[in-house]
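This is what each chain is made of:
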Amino acid sequence: MKRFMSVLLGLVMVLSMGGTVLADDGVEINFWSMWNEGEPQATVIAEAAEAFEQETGVHVNIEWKGRDINTLLTASLDSGDAIDIFEDDYNRIGQVYTEWTYDLTEMAEAAGYEGYACFNDQSAAWAGYLNSITEQPQVGGVFYNKAAFEEAGIEAEPATWTEFLDVCAKLKEAGIAPLAQDGAYTNFSFYYHLVRYLGEDGIAALRDNGGWADNEQAVQAAQDIIDLVNAGYLADGAPDEYPASQTKVGLGEAAMVVCANYVTAEVNAAVGEEVNWGLFNYPSVEGGAEPTAAYAGANSLAIASYSEHPQEAFDFIMYLVTGEWDQKMADTASQIPADPSNTAPASLNGTIETLKAADKPMTWCGSLNTHPAWTDMKTLFTELFEGKYEDGAAFCAAMDALY
Amino acid sequence: MKKNKTLICLFVAPTVLCLLLMYVYPVLRTAVMSFFQVEDLTADLGDWRFNGVDNYIKIFHNTGFITSLRNFLMIWIVGGVITLALALLMAVILTSGIRFQGFFRAAIYLPNVVSAVALATMWVQYIFNYDYGLLNQLVTILGFEKIRWLGTDAKLWAMIAAYIYGSIGYYMLIYISGIEGIPGDLYEAATIDGATKKIQFFRITLPLLRGIIKTTITFWTINAATFYLWSKLFSPVQTEGSTIVPVVYLYDTVFGGKGVVTRDAGAGAAVGVVLTLIIIAVYLVTERLLRSSDLEY
């Protein structure tokens, strides 16, 4: 028995050594992904890794870490875990992980990589160098169901708040709820509206010093929303529980929703068919400080500063975010291509142009979300859409009370 | 058998070492960290900067934390009273010899077998849904206007109601085991002496369940203090004031939230310490108020 066991253990040792020898034949890189196995994005990444290995001999080990990858990365990078490429929100890569990110500037130049200037510039501004490559760009705005617009006889997309209200009136007249609004995104919607009046810098000043009720533009911004609610332009039940209200756009019960582009894929999946989507920038307001800024964000890829194979890792990133595989990612996951020369899915028409034109992306609620009262501010924003405030002044007084 | 101290130590050592490494060390580290300015959870000790009680001042000046504590209190007190009272009531009924008690026990315990994710999804999407949810269907049939069950005013209560539904069975089983441990002779003697069921409950069952009640209060306190999953499921996109609880606040503070990249492990540690102190305080108070019965049976 002992002899049998020793032979068996010896065999296991030899086999494991053989495995190591085989792995050492080619370069291996480790990729920590923010997706879960089986998700459309994960499927494309896995297929791309296989194709990349066949072409280059470089094997990509992928670990699917899911959306909570941000809870693991700092500790893992700090302890030097075997990570060559990692994937996360470009905000975090640019502001949290900079200590462990590789300077991609030279490799990007050598590869002729361009991507979207707004993300590259922001990455460089945060980290001091290009520390991430955009993989899944996002853009915000007003997404609408073209069929609903056609049914209501609307031919032109609104550019100003007055035009937007006209569109709402026509939609309501046609029996379609103009605007879907889920409670989870009331902060995003109202922040967008505030940006139009005050710009992100103006909001930052209010955030720091208070004085919302004394600021005419803040009061007017809140009043606009109250008027919108009182006019009955919100979908029945809005602000509803995510994703109930946004799904109504896909069902044809509501026409528009203020969100980032992933709303199109979510709604398409919820209703089981491809909705004919349109997108226009959030309307400007009269006398507003910031008439055109659009929200832009991205999931991006970065290389660990201690990677032993940065060039191979970069080559795989390029393989994934440009050309054929990027197009496949855009088509499979219904998202904006990372390569501006590729084509966006029909439901995201216009998004590439919007991102290319964006010089400074608007952030997700900017400086407000680091305020000590941010949680309660979000509640107030939802209450604003629930119609709980008599006028803009009452809302702004409630905001001041949080200071 | 002759005691061999070396051997005893050797056998005990692995367990003691594991306990020290996996429990005592993290607890002590968290307690110490709460007095330091630390950005990353895994930052080296050299990067920690002592800042006294600033982390505690910071969290108690953050309205998000205060709101989370208020929500925790509602879950703990209102949810606790309803859950434990209903669980006890059902335990008493199901040990009184009613028919089909096996079926009822299984049916009431069933929500504990179902995943909390599935359970919360059912409540959010199918019971509280504004357009076609069960509750609004009933409201409409009764001729009233639909109610926004998951609006800012009602969402906390909706979440507590769903959580109670998912918790009663667990506490009911604990009470049932306690009641079944009480000798039947006591009830027989009481019945012969003319005691009604009500008197038997208040004079026999409740006093003899004192230890069990203390245990369930401690369990409920721990569950309420570490409440996390249900809050996340009722606010799946980002943290909301109506459902925020201390652990969610802690998570957001340590790891950042949607659109938030700032992190503060020191403040997160302070939240953890405050929660621990709450649990200890509740344990000590219940220990004092509900002394275990000195009756032997």
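Residues numbered from 1 in each chain as written. Chains lettered and ligands numbered in written order. Predicted model: local features only at pLDDT ≥ 70, side-chain atom pairs only at ≥ 80, totals over all residues. Heavy atoms only, no water.

**Focus on the overall build of chain B**
Our working definition: Only DSSP runs of H or I with at least four residues qualify as helices, and only runs of E with at least two residues qualify as strands; both kinds are numbered from the N terminus onward. Contacts were defined at the residue level, with two residues in contact if any of their heavy atoms lie within 4.5 Å. All accessible areas in this document rest on Shrake-Rupley with a 1.4 Å probe, and a residue is counted as covered only by the protein chains that are shown. Counting rule for charge: Lys and Arg are taken as positive, Asp and Glu as negative, and neither His nor the chain ends is counted. Throughout, a charge is located at the NZ atom of Lys, the CZ atom of Arg, the CG atom of Asp or the CD atom of Glu.
When you go through chain B residue by residue, the secondary structure sums to 13 helices and 2 strands. With respect to the principal axes defined by its C-alpha atoms, chain B has extents near 80 × 75 × 30 Å. Across chain B, the fraction of contacts at a sequence separation of at least 24, relative to all contacts at a separation of at least 6, is 64%. Total accessible area computed for chain B in this model is approximately 16,600 Å², and 69% of it derives from carbon and sulfur atoms. Each charge class in chain B can be summarised by its mean position, and for the 22 positive and 18 negative side chains these summaries are 4 Å apart.

**Regarding the domain arrangement of chain A**
All names here are of chain A. Operational definition: Where each domain begins and ends follows an automated or database-derived domain assignment. Simply put, the buried area is the total loss of 1.4 Å probe accessible area from both parts when two parts are fitted together.
Domain parsing of chain A yields domain 1 (24–138 + 297–357) and domain 2 (140–295 + 364–401). Each of domain 1 and domain 2 has a C-alpha centre, and these two points are 31 Å apart. If you look at the interface, domain 1 gives 12 residues, while domain 2 gives 13 residues. Summing both sides of the interface, domain 1 and domain 2 together bury roughly 890 Å²; the carbon and sulfur share of this comes to 54%.

**Side note on the nonpolar core**
All names here are of chain A. Stated formally: Remark: nonpolar core denotes a set of buried residues (Ala, Val, Leu, Ile, Met, Phe, Trp, Tyr, Cys) joined through side-chain atoms within 4.5 Å. Buried, partly exposed and exposed residues are distinguished by accessible area as a fraction of the type maximum, computed with a 1.4 Å probe on protein chains only: under 20%, between the cut-offs, and over 50%, respectively.
Phe149, Phe164, Leu171, Phe190, Met256 and Phe395 are the most contacted members of the largest nonpolar core, which has 93 residues in total. At 10 residues, the largest contribution of residues to this core is made by helix α9 (residues 186–209). In terms of domain composition, this core takes at least three residues from each of domain 1 (24–138 + 297–357) and domain 2 (140–295 + 364–401). The residues contacting phenylalanine 395, other than those within four sequence positions of it, are Phe190, Ala222, Leu380, Phe381, Leu384 and Tyr389.

**Digging into helix α3 (residues 63–94) of chain B**
The α-helix winds at 3.6 residues per turn, so residues separated by three or four positions along the chain end up facing the same way. Residues and elements named next belong to chain B. Defined as follows: Between the first and last residue of a helix there are one fewer steps than residues, each counted as 1.5 Å, and that sum is the expected span. At any given residue, the bend is defined as the angle formed between two axes, one fitted to the seven residues that end at that position and one fitted to the seven that begin there. Here a polar contact is recorded for every N or O atom pair within 3.5 Å, except that within protein the pair must consist of a potential hydrogen donor and a potential acceptor, and residues adjacent in sequence are included only if both atoms are side-chain atoms.
Compared with an ideal rise of 1.5 Å per residue, which puts 32 residues at 46 Å, α3 spans 44 Å between its outermost C-alpha atoms and is within 8% of the ideal. Taken as a whole, α3 carries its principal kink of about 35° at glycine 80. Capping the start of α3, asparagine 62 holds a side-chain oxygen 2.7 Å from the backbone nitrogen of glycine 64, two or three residues further along.

**Brief notes about the interface of chain A and chain B**
Under the convention used in this document: In the sections that follow, a salt bridge refers to a side-chain nitrogen of Lys or Arg positioned within 4 Å of a carboxyl oxygen of Asp or Glu.
Contacts between the two partners involve 39 residues from chain A, matched on the other side by 37 residues from chain B. Interface of chain A and chain B: buried area, both sides summed, is about 3,000 Å²; carbon and sulfur atoms make up 47% of it. For the chain A face of the interface with chain B, the top three residues by lost area are Glu241, Pro372 and Thr375 of chain A, together amounting to 18%. Seen at the junction of chain A and chain B, the total is 3 salt bridges. The closest approach of N and O atoms between aspartate 131 of chain B and lysine 248 of chain A, which form a salt bridge, is 2.7 Å. Secondary structure elements with two or more residues in the side of chain A that touches chain B: α3 (70–78), α4 (90–95), α11 (244–250) and α16 (374–386) of chain A. Of the residues forming the side of chain A that touches chain B, the biggest block, 7 residues, is contributed by α16 of chain A.

**Focus: the side chain of serine 300 of chain A**
Residues and elements named next belong to chain A. Mapped onto the elements, serine 300 comes out in strand β8 (residues 296–303). Take serine 300: its relative accessible area is 0%, and that puts it in the buried class. Excluding anything up to four places from it in sequence, serine 300 contacts Phe86, Glu87, Asp88, Tyr90, Ile93, Ser132, Ile133, Thr134 and Glu135.

**Quick look at the packing of aromatic side chains**
The cut-off we apply is this: Each Phe, Tyr or Trp ring (for Trp, its six-membered ring) is paired with any other whose centre lies within 6.5 Å, and the angle between the two planes then decides the class: stacked below 30 degrees, edge-to-face above 60, tilted in between. Charge over a ring is defined by NZ of Lys or CZ of Arg lying within 6 Å of the ring centre and within 35 degrees of the ring normal.
Enumeration over the complete set of coordinates arrives at 43 aromatic pairs over all chains. Seen in terms of ring centroids, phenylalanine 65 of chain B and tyrosine 249 of chain B are 5.3 Å apart; in terms of plane orientation they differ by 40°. Their pairing is tilted. One end of the pair, phenylalanine 65 of chain B, is in helix α3; the other, tyrosine 249 of chain B, is in helix α12 (residues 246–255), and 184 residues separate them in sequence. Here phenylalanine 201 of chain B and phenylalanine 202 of chain B contribute two aromatic rings whose centre-to-centre distance is 5.0 Å and whose plane-to-plane angle is 80°, an arrangement assigned as edge-to-face. Ring pairing ties together the aromatic residues Trp123, Phe128, Tyr163, Tyr165, Tyr170, Tyr171, Trp220, Phe227, Trp230 and Phe234 of chain B, which thus form one cluster. Above the ring of tryptophan 32 of chain A, the side-chain terminus of lysine 65 of chain A is found at 4.1 Å from the ring centroid.

**Notes on the pattern of salt bridges**
Where charged atoms from two side chains of opposite charge come close, those side chains can pair. Residue and element names in this part refer to chain B. The full count for this structure, using the stated rule, is 16 salt bridges over all chains. Put simply, arginine 263 and aspartate 40 hold a salt bridge, and the shortest N to O gap is 2.4 Å. Residue arginine 263 is located in the loop between α12 and α13 (265–289), and its partner aspartate 40 is located in the loop between β1 (36–37) and β2 (49–50); the two are separated by 223 residues in the primary sequence. Residue arginine 263 is classed as buried on the basis of its relative accessible area, which comes to 12%. Since its relative accessible area comes to 14%, aspartate 40 is described here as buried.

**As for the packing of α16 of chain A against helix α17 (residues 392–401) of chain A**
Residues and elements named next belong to chain A. Applicable threshold: Here the axes come from fitting lines to C-alpha atoms, over the contacting stretch only for helices, and the angles between their N-to-C directions go from 0 to 180 degrees. If an angle is under 35 degrees, it is roughly parallel; if it is over 145, roughly antiparallel; if it lies from 65 to 115, roughly perpendicular; otherwise it is oblique.
Two numbers describe how α16 lies on α17: the axes approach to 10 Å, and their chain directions differ by 170°. Here α17 runs roughly antiparallel to α16, going by the angle between their axes. Taking contact as the criterion, the partners of Met377, Leu380, Phe381 and Leu384 in α16 are, on α17, Phe395, Ala398 and Met399.

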